[in-house]
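For reference, the chains in residue letters:
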Amino acid sequence: MSEERRQQIVDAARRLVDRSGLESISVRTVAREAGIGASTLRHYFPTQADLFDVLLEPALDRMLPDLRIADRRVAPRRRLTECLMQYFPSEFLRPEHTAMWFASYAVAVGPGATDHGTRTLERMAALSRDRIESWLVRLEEEGALLVERDRAMRLVLSVLDGICVQLITPGTIFTVEDVLPTVEQAVSAVVR
């Protein structure tokens, strides 16, 4: 029964996210949706972060799969570039989607920041870093990194975040067409 109850909670949380977004996730709202008490939910998910993880990790797996990162027949630079370009799907490159990216930061660190927004962004960023690190570890094991993994990680994260900021900045000289060459240039600085 415990695995069934856990799945009942996860399903309820997913329904809430589908209807109202991640902002709707709280212990009370999920417990109510699942038809259980908050203490029962806490038995399966001791913290709200645990509940977020069960929702965010599968979403991240769908959004950022490993693609061909393990395929040694493909050049290491090409493999990492393909993986990193997943951060910029064509629909993201439209202004309304980059504005959503900015809004997620605004509720996390802006003047109207909420604890929920901060925790959500923090967890999403941690999961994203873990994914990028797994790609870099793979390439490091092959001897394909030109710099230490920590330095490669900092450069890659800086470039990805910088691209996002440039895409939402009014009057920028940076264009959608600059995304791929910029990612490729960053990758060439860290991978053979």
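One structure accompanies this document, and this report is about it. (Residues numbered from 1 in each chain as written. Predicted model: local features only at pLDDT ≥ 70, side-chain atom pairs only at ≥ 80, totals over all residues. Heavy atoms only, no water.)

1. Quick word on the overall build of the protein chain
In terms of regular secondary structure, the protein chain is built from 9 helices and 0 strands. Written out in order from the N terminus, the α and β elements of the protein chain read α-α-α-α-α-α-α-α-α. The dimensions of the protein chain, computed from C-alpha atoms along their principal axes, are 55 × 40 × 25 Å. Counting only contacts in the protein chain whose residues sit at least 6 apart along the sequence, the fraction spanning at least 24 positions is 63%. (Helix = DSSP H or I, 4+ residues; strand = E, 2+ residues; numbered from the N terminus. Contact = heavy atoms within 4.5 Å.)

2. So, the pattern of salt bridges
Overall, the coordinates contain 11 salt bridges when judged by the stated rule. Measuring nitrogen to oxygen at the nearest pair gives 3.0 Å for the salt bridge that ties glutamate 133 to arginine 149. One end of the pair, glutamate 133, is in helix 7 (residues 115–141); the other, arginine 149, is in helix 8 (residues 149–168), and 16 residues separate them in sequence. Three or more residues are tied together by salt bridges with common partners; here these are Arg15, Arg19 and Glu33. (Salt bridge = Lys/Arg side-chain N within 4 Å of Asp/Glu carboxyl O.)

3. So, the environment of alanine 31
Structurally, alanine 31 can be placed in helix 2 (residues 27–34). Judged by its relative accessible area of 3%, alanine 31 falls in the buried class. C-alpha of alanine 31 to C-alpha of leucine 41: the two residues are 10 residues apart in sequence and 6.1 Å apart in space. If we ignore the near neighbours within four places in the chain, the residues touching alanine 31 are Ile36, Gly37, Ala38 and Leu41. (Buried < 20%, exposed > 50% of the residue type's maximum accessible area, 1.4 Å probe, protein only.)

4. Focus on unusual backbone geometry
A positive phi is found at leucine 67, a non-glycine position, where the angle reads about 45 degrees. With respect to the helices and strands, leucine 67 occurs in the loop between helix 4 (48–63) and helix 5 (76–85).

5. Quick word on the side chain of arginine 79
Assignment of secondary structure puts arginine 79 in helix 5. Here the side chain of arginine 79 touches isoleucine 69 through a polar contact of 2.6 Å, landing on its backbone oxygen. Look past the residues within four positions of arginine 79 in its chain and what remains in contact with it is Arg68, Ile69, Ala70, Asp71, Arg72, Val74, Leu139 and Glu142. (Polar contact = N/O pair within 3.5 Å; in protein donor to acceptor, adjacent residues only side chain to side chain.)

6. Brief notes about the packing of helix 5 against helix 7
Running from N to C, helix 5 and helix 7 point in directions that differ by 175 degrees, and their axes come no closer than 11 Å. By the criterion of interaxial angle, the relationship of helix 5 to helix 7 is roughly antiparallel. For the pair formed by helix 5 and helix 7, the contact residues are Pro76, Arg79, Leu80, Cys83 and Leu84 on the first element and Ile132, Trp135, Leu136 and Leu139 on the second. (Axes fitted to C-alpha atoms, helices over the stretch in contact; angles between N-to-C directions. Parallel < 35°, antiparallel > 145°, perpendicular 65-115°, else oblique.)

7. Quick word on helix 2
Residue pairs three or four apart in sequence face the same way in an α-helix, which turns once every 3.6 residues. Within helix 2, the full set of buried residues consists of Val27, Val30, Ala31 and Ala34. The arc enclosing the buried residues of helix 2, seen along the axis, measures out at 100 degrees, which places them on a common side. Helix 2 presents Arg28 and Arg32 as exposed residues on the side facing more than 90 degrees away from its buried surface. Where the residues of helix 2 are buried, they touch helix 1 (2–20), helix 3 (38–44) and helix 4. Looking at the residues trailing helix 2, positive phi occurs at glycine 35, about 75 degrees. (Arc of directions from axis to C-beta.)

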